[in-house]
Amino acid sequence: MIIDTLDNLARYESLYPLIAEVVAFMKNHDLEHLEAGMHPIKGEVAYVNIQMAKGKTENEAAIEYHRKMIDIQLPLETDERYGYTPLADLPEAHFDEENDFALLPGVRPQTIFNVKKGQFVLFTPQDGHAPCIADKEQFKKAIFKIKA
């Protein structure tokens, strides 16, 4: 997991080369005014989902993880909190291979942290994360997905 400011996102291209595609997309698109939904960046290996997310409490937020894709998440309107637990510390869960997704409702995260507008959090396949913890009932966010 990486937390940093958007100004530094390009510094992580050496770890994950598809980040260069994300950085180029952000330079050419105003994320705050982009319509909700999926927007392709580079075929199926890089895209962004602009979401109107439902704000959740820490108890409502469920831990999830992915095996094939990396998430780069950033709030566009308000601070967002996330729960985090390393995959190695999570119990077994049903994994939906087709959608690259496992959900673990009821499992409490080890850590809760805050991401402000202008920052991002990058989750790799070894990172269990519980997104959308926010005080607002609904808020806009961007979730970039890149192939791990």
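Before reading on, note that the structure itself is shown above.
Residues numbered from 1 in each chain as written. Predicted model: local features only at pLDDT ≥ 70, side-chain atom pairs only at ≥ 80, totals over all residues. Heavy atoms only, no water.

**Q** Outline the overall build of the protein, listing residues and values.
**A** Summing up its helical and strand segments, the protein has one helix and 12 strands in all. Ordered by position from the N terminus, the helices and strands of the protein form the series β-α-β-β-β-β-β-β-β-β-β-β-β. Taking 15 Å as the expected radius of gyration for a compact globule of 148 residues, we find that the protein reaches 14 Å, a close match to that expectation. In terms of its C-alpha atoms, the protein occupies a principal-axis envelope of roughly 40 × 30 × 25 Å. Burial analysis of the protein (148 residues in total) assigns 48% to the buried set. Of the contacts formed within the protein by residues at least 6 apart in sequence, a portion of 79% connects residues at least 24 apart. Summed over its atoms, the accessible surface of the protein is roughly 7,800 Å², and 49% of this surface lies on carbon and sulfur atoms. (Helix = DSSP H or I, 4+ residues; strand = E, 2+ residues; numbered from the N terminus. Rg over C-alpha atoms; globule rule 2.2 N^0.38 Å. Buried < 20%, exposed > 50% of the residue type's maximum accessible area, 1.4 Å probe, protein only. Contact = heavy atoms within 4.5 Å. Areas by Shrake-Rupley, 256 points an atom, 1.4 Å probe, with all protein chains shown as cover.)

**Q** Go over the sheet that holds strand β3 (residues 46-54) with me, naming the residues and quoting the values.
**A** Reading across from one edge, β1-β10-β5-β12-β3-β2 is the order of the six strands in this open sheet, with antiparallel pairing throughout. Only two strands of the sheet have a single partner each, and these edge strands are β1 (2-5) and β2 (37-42). Between one strand axis and the next, the sheet turns through 20° on average, direction left out of account. Of the pairings in the sheet, the one linking β3 to strand β12 (residues 138-147) comprises nine bridges and is antiparallel in character. Note that in β12 the partner of Met52 across the bridge is Lys140. (Pairing = 2+ DSSP bridges. Axes fitted to C-alpha atoms, helices over the stretch in contact; angles between N-to-C directions.)

**Q** So, the packing of aromatic side chains: which residues are in play, and what are the values?
**A** A full pass over the atoms with the stated rule returns six aromatic pairs. Between Tyr65 and Phe95, the aromatic rings sit 5.6 Å apart at their centres with planes inclined by 25°, giving stacked as the arrangement. With Tyr65 in strand β4 (residues 63-65) and Phe95 in strand β7 (residues 95-96), this residue pair connects regions lying 30 residues apart in the sequence. Each member of the pair Tyr65 and Phe95 is classed as buried. When the centroid spacing of 5.6 Å and the interplanar angle of 55° are considered together, the rings of Tyr82 and Phe123 count as tilted. Of this pair, Tyr82 sits in strand β6 (residues 80-86) while Phe123 sits in strand β10 (residues 119-123), and the two are 41 residues apart along the sequence. According to the relative accessible area criterion, Tyr82 is buried, its value standing at 0%. The structure contains a cluster of three or more aromatic residues connected by ring pairs, namely Tyr82, Phe113 and Phe123. (Phe/Tyr/Trp six-rings, centres within 6.5 Å; stacked < 30°, edge-to-face > 60°.)

**Q** Give me the environment of Gln126: which residues, what numbers.
**A** By the element assignment, Gln126 lies in the loop between β10 and β11 (127-133). Classification of Gln126 as partly exposed rests on a relative accessible area of 48%. Once the C-alpha coordinates of Gln126 and Pro86 are considered, the two residues, 40 residues apart in sequence, prove to be 6.1 Å apart. The residues contacting Gln126, other than those within four sequence positions of it, are Pro86 and Leu87.

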